[in-house]
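Residue-level structural notes
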Amino acid sequence: MVDEIIKSMQSKMDKTVEALKKDFGTIRTGKASPMMVEDVRVDYYGTLTPLNQLGKIACPEPRMILITPFEKGMLKDIEKAIFAASLGLTPNNDGSSIRINIPELTGERRKELAKVVKQKAEEKKVAIRNIRRDANDELKKHQAEMSQDELKGHQDKIQKITDSYIAKLGDLEKEKEKEITTL
């Protein structure tokens, strides 16, 4: 029973770490990445569809994203969606694909992005702590089945696991901040 609670907790925490990695992938660092635009929603015959389902997204150069739609008729809609997403990117339609040149980041913009990175990391740390609280609450429901010492031991184990996940998030945050702030 305790093992199930801990496995469930770790699974949720792993998903939180993956979510942060995905969030960080969408933050522009001066280098092109397909993750920057893959979740942009495009109006595809009345349905908002992620861009990565409507075409091939590639980075042929370090500072360029190339989007080749499966249907050429979608070029204008994709272009509109990229503008509407407020990513600070300017799509160039060449008739068969869309090219997006990634401009160099200014010092001020780098500081803003570093703040965004801190904010996203803090949100995920709060989520990890909420998962810990839920696991401890679940453990307390089964308190009658164990001694106080066992309960305390399990809570300590949960705290150690939580600390390790918080540290992972901190490492990801530092790595992304370094990526943003280095020229």
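The structure contained in this document is the topic of the report that follows. (Residues numbered from 1 in each chain as written. Predicted model: local features only at pLDDT ≥ 70, side-chain atom pairs only at ≥ 80, totals over all residues. Heavy atoms only, no water.)

Attention now moves to the packing of helix α1 (residues 2-25) against helix α4 (residues 148-181). Running from N to C, α1 and α4 cross one another at 10°; their axes reach a closest spacing of 11 Å. Taken as axis vectors, α1 and α4 run roughly parallel relative to one another. Across the interface between the two elements, Val2, Ile6, Met9, Gln10, Met13, Asp14, Val17, Leu20, Lys21 and Phe24 from α1 touch His154, Lys157, Ile158, Ile161, Thr162, Tyr165, Lys168, Leu169, Leu172, Glu173 and Lys176 from α4. The class makeup of the residues in the contact of α1 with α4 is twelve nonpolar, three polar and six charged. (Axes fitted to C-alpha atoms, helices over the stretch in contact; angles between N-to-C directions. Helix = DSSP H or I, 4+ residues; strand = E, 2+ residues; numbered from the N terminus. Parallel < 35°, antiparallel > 145°, perpendicular 65-115°, else oblique. Contact = heavy atoms within 4.5 Å. Nonpolar A, V, L, I, M, F, W, Y, C, P; charged D, E, K, R; others polar.)

Taken together, the four strands give an open sheet; going across it, the order is β3-β4-β6-β5, and neighbouring strands pair in antiparallel fashion. The open sheet terminates on both sides in strands that have one partner only, identified here as β3 (55-61) and β5 (91-93). Strand-to-strand twist in this sheet, taken as the mean axis angle between neighbours without regard to direction, amounts to 25°. With three bridges connecting them, β5 and strand β6 (residues 98-101) associate as antiparallel partners. Across the sheet, residue Asn92 finds its bridge partner in β6, namely Arg99. In the packing of helix α2 (residues 75-84) onto the sheet, contacts are made with β4 (64-69), β5 and β6, and the angle to β5 comes to roughly 165°. (Pairing = 2+ DSSP bridges.)

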